[in-house]
Amino acid sequence: MSWNRFQTHNLVLPELDFALDYSRLHWPENFFADKQAAICQALSDMRALEAGAISNPDEKRMVGHYWLRAPELAPKPELSAEITACLEQIKNLAHRVHSGALAGAAGSFTDLLVIGIGGSALGPQFVSQALGGAGVSKMAVHFFDNTDPDGLDLVLGRLKGRLGRTLAVVISKSGGTPETRNGMLEAAAAWKAAGLSFAKHAIAVTGAASNLDKHAIAEGWLERFPMWDWVGGRTSELAAVGLLPAALEGLNISDMLAGAAAMDVATRVDDPRRNPAALLALAWYHATSGKGAKDMVILPYKDRLGLFSKYLQQLIMESLGKEFDLKGQVVNQGIAVYGNKGSTDQHAYVQQLREGVANFFATFIEVLEDRSGASIEVEPGTTSGDYLTGFLLGTRDALWEKGRESLTLTVRRADALTVGRLIALYERAVGLYASLVNINAYHQPGVEAGKKAAAGFLALNTKIQNHLNANVGQRFTVEELASRIGETSRSEIVYKLLEHLAANHGKRVHRNAGCGPFDATYGVR
Ligand code: PA5
């Protein structure tokens, strides 16, 4: 890499302690000129979005996550007032919890159980890992982010004997997501089994009048926080979804908001070469040919940012992975995102990145400050942090030598300001890229379809059990049962559900082995 190219392809923003090095991409000579009109249009779309346009046409909604860190920019005064009031409510609640004014049945709260999934979990998980830790976290944070009974038991096992000092925050924008509903019911059952009232330890973050909202009101939960329809799940880290758990943990939410607001200012700049979000969106377009032709590998060389890769995976893939463009044409868009952290991943899949199939571009995230205190020398003049930097630079060079492209983001330290900046940077880059490829980044029809599909299988599960319970003592092969309940076209699913029932409800649904693996009979004794 020539010194000259490095300087001319590097956006340094000292006021944000941030730099974006885009020199290690094979930009065609006239790429920026060719894309000038498209990126101008994307920035203009973004201005309209921030001004309150219906930028999520399928759901006929405004897209307002940028107002969360600059309430004065919301298009209506009542929205600004709601954002400000919600922030005050969050700070008040955190203060009452930390001071012990609000406590559980067994005393002041020591633990926080966050129940949510997808956009209602990944942001809080990322931020807790990035900013929490000994001497900072005022509460130990745990997550229910699935409907896996064993996973729920693992978390409840860690909370054993402490439920009376655990605050549960149930987060669901729609208030009807099954995994979250199940998590809430399982948590409530655990509190009840411990002789405690779940309602006296529970808070809801949800849309007004959702099922969760109604449930929290009916049961008299401690408090409810709003989730507005103009904030999407995966862009809700700086709404109550992310700020409430962070504030309860004792993290600096004011700095997160300030960092995001400052990055928003930097990413509104018209000149794409001076705008880091526009540069990222253009880099993605170049690297993937605007068609997802290559995967995005995220490599933060900092343990605290390990979950940033997973957070970005959702933000980018749920936003950009779309079947149709805004004109209704089939485009099957998206960019596959994966990653974890360096240098750990150098001992895993980075082998393939260096020498295998060249189907990716990498994003290195460099954090200049190693740790808050001094470091020992592991060799004369060399610290562990020097090694980490060496590994980053070495891997980047090795990729470049083999013609594999990368971007490098440099930040000073992994603190709340940086976390806010990174979230804001990627939120806007996703929006700009979506404009470049003409898709709606703000809906998730595939996620909704998944929820509906599961409901169909659960109905069949109930149908099977009803038939077996109505015919106690009788045994059926898969084919017999499928025929009896009029589901011969779904015999495979009948088989899968029967096997699961027999494995988990052994006292009710019994399986008698047959000659072959698919000849077993099933029945209720
Ligand atoms: O980003 C999204 O919209 C989704 O990932 C949602 O956050 C996720 O499906 C959970 O939805 P809800 O918050 O309604 O429970």
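Below is a short write-up of the structure.

The rules behind each value
- All chains use their own residue numbering, which begins from 1 and follows the written sequence.
- The predicted origin of the model limits local features to residues at a pLDDT of at least 70 and limits the giving and counting of side-chain atom pairs to 80 or more, whereas totals for whole chains, interfaces and linings rest on all residues.
- Values reported for side chains reflect all heavy atoms of the structure, with hydrogen atoms and water molecules removed beforehand.
- Salt bridges, as used here, are contacts in which a Lys or Arg side-chain nitrogen is within 4 Å of a carboxyl oxygen on Asp or Glu.
- Only runs of H or I of at least four residues qualify as helices and only runs of E of at least two qualify as strands under DSSP, and these elements are numbered from the N terminus.
- A 1.4 Å probe rolled over the protein chains alone gives each residue an accessible area, and that area as a share of the maximum for its type sets the label: buried under 20%, exposed over 50%, partly exposed in between.
- Under the pairing criterion, centres of Phe, Tyr and Trp rings, with the six-membered ring standing for Trp, must be within 6.5 Å; the plane angle then separates stacked pairs below 30 degrees from edge-to-face pairs above 60, leaving the rest tilted.
- We count a charge as sitting over a ring when the NZ of a lysine or the CZ of an arginine lies within 6 Å of the ring centre and within 35 degrees of the ring normal.
- We call two strands paired when DSSP finds no fewer than two bridges between them.
- Handedness of a crossover is defined as follows: with both strands directed away from the viewer, a clockwise route from the first strand across the helix to the second makes it right-handed.
- Counted charges follow a simple rule, with Lys and Arg positive, Asp and Glu negative, and His plus the chain ends left uncounted.
- For this analysis, residues touch if any pair of their heavy atoms sits within 4.5 Å.
- Between the first and last residue of a helix there are one fewer steps than residues, each counted as 1.5 Å, and that sum is the expected span.
- Working definition: residue near molecule or strand if any one of its non-hydrogen atoms lies within 4 Å of it.
- Polar contact is the term for a pair of N or O atoms within 3.5 Å; when the atoms are in protein, one must be able to donate a hydrogen and the other to accept it, and sequence-neighboring residues count only if both atoms are side-chain atoms.
- Any residue that is not Ala, Val, Leu, Ile, Met, Phe, Trp, Tyr, Cys, Pro, Asp, Glu, Lys or Arg is counted as polar, Gly included; the first ten are nonpolar and the last four charged.

### Details of the pattern of salt bridges
Tallied over the full model, the rule gives 20 salt bridges. In this structure, aspartate 213 engages arginine 224 in a salt bridge whose closest nitrogen and oxygen atoms are separated by 2.7 Å. A residue pair is termed long-range when its members are at least 10 positions apart, and aspartate 213 in helix H7 (residues 211-219) and arginine 224 in strand E9 (residues 223-226) qualify at 11 residues. A relative accessible area of 6% means that aspartate 213 is categorised as buried. A relative accessible area of 39% means that arginine 224 is categorised as partly exposed. Within this structure, Glu50, Arg69, Asp264, Arg268, Glu427 and Arg428 form a network of salt bridges that share partners.

### With respect to the packing of aromatic side chains
Tallied over the entire structure, the rule returns 21 aromatic pairs. Between the aromatic rings of phenylalanine 308 and tyrosine 426, the centroid separation amounts to 5.5 Å while the plane-to-plane angle is 85°, which identifies the pairing as edge-to-face. Pair noted here: phenylalanine 308 is in helix H11 (residues 306-320) and tyrosine 426 is in helix H14 (residues 416-436), with a separation of 118 residues, a long-range link. Of the two residues, phenylalanine 308 and tyrosine 426, both sit in the buried class. Pairwise contacts between aromatic rings join Phe126, Trp284, Tyr285, Phe308, Tyr311, Tyr426 and Tyr433 into one cluster. Above the face of the phenylalanine 32 ring, arginine 273 is positioned so that its terminal group lies 4.0 Å from the ring centre. The ring of tyrosine 66 has arginine 428 sitting right over it, with the charged end atom 4.2 Å from the ring centre.

### As for the pairing of strand E13 (residues 406-411)
Judged by how many residues are buried, E13 sits mostly within the fold: six of six residues are covered. Of the two faces of E13, both are covered, the one formed by Ser406, Thr408 and Thr410 as well as the one formed by Leu407, Leu409 and Val411. Here strand E12 (residues 360-367) runs beside E13; their pairing, made up of six bridges, is parallel. Within the sheet, the bridge partner assigned to phenylalanine 364 lies in E13 and is threonine 408. Since E12 and E13 lie parallel, the crossover through helix H13 (residues 384-401) that links them has a hand, and here it is right-handed.

### A look at the side chain of aspartate 295
If you trace the backbone, aspartate 295 turns up in strand E10 (residues 295-300). An unpaired buried charge is present at aspartate 295: no salt bridge exists, and lysine 294, the closest side chain of opposite charge, is 10 Å distant. Not counting chain neighbours up to four residues away, the residues in contact with aspartate 295 comprise Ala336, Tyr338, Asn359, Phe360 and Phe361.

### Thoughts on helix H15 (residues 445-470)
Look at H15: 38 Å from first C-alpha to last across 26 residues, which is about the 38 Å you get at 1.5 Å a residue. When H15 is considered as a whole, its buried residues turn out to be Leu460, Asn461, Ile464, Gln465, His467 and Leu468. Looking at the packing, one finds that the buried side of H15 touches helix H16 (478-484), helix H17 (491-504), strand E14 (509-512) and strand E15 (521-524).

### Describing the pairing of strand E8 (residues 202-206)
Of all five residues making up E8, five are buried, and the element is well covered by its neighbours. Across five bridges, the pairing between strand E7 (residues 166-172) and E8 is parallel. In the sheet register, valine 169 faces E8, and the bridge partner there is isoleucine 203. In the sheet, E8 pairs with E9 via four bridges, with the strands oriented parallel. From the neighbouring strand, alanine 204 faces E9, where its bridge partner is arginine 224. In the classification by handedness, the crossover that spans E8, the intervening H7 and the parallel E9 is right-handed.

### Let's talk about the site of the ligand
Near the ligand you find 15 residues, and of these Ser120, Ser172, Ser174, Thr177 and Gln314 are the closest. Between the ligand and the protein, one listed contact pairs an oxygen atom with a side-chain N or O atom of serine 172 at 2.6 Å. Contact distances for the ligand include 2.7 Å between an oxygen atom and a side-chain N or O atom of glutamine 314. Across the shell around the ligand, the residue classes tally to two nonpolar, nine polar and four charged.

### Things to note about unusual backbone geometry
Residue glycine 342 is joined to serine 343 through a cis peptide bond whose omega torsion reads 0°. Following the sequence through the fold, serine 343 ends up in the loop between strand E11 (337-339) and helix H12 (350-355). The phi angle at aspartate 17 is positive, at roughly 50°, despite the residue not being glycine. The phi dihedral of alanine 209 is positive, around 70°, even though this residue is not glycine. Among the structural elements, alanine 209 can be located in the loop between E8 and H7. Here alanine 209 falls in the exposed class, since its relative accessible area comes to 52%.

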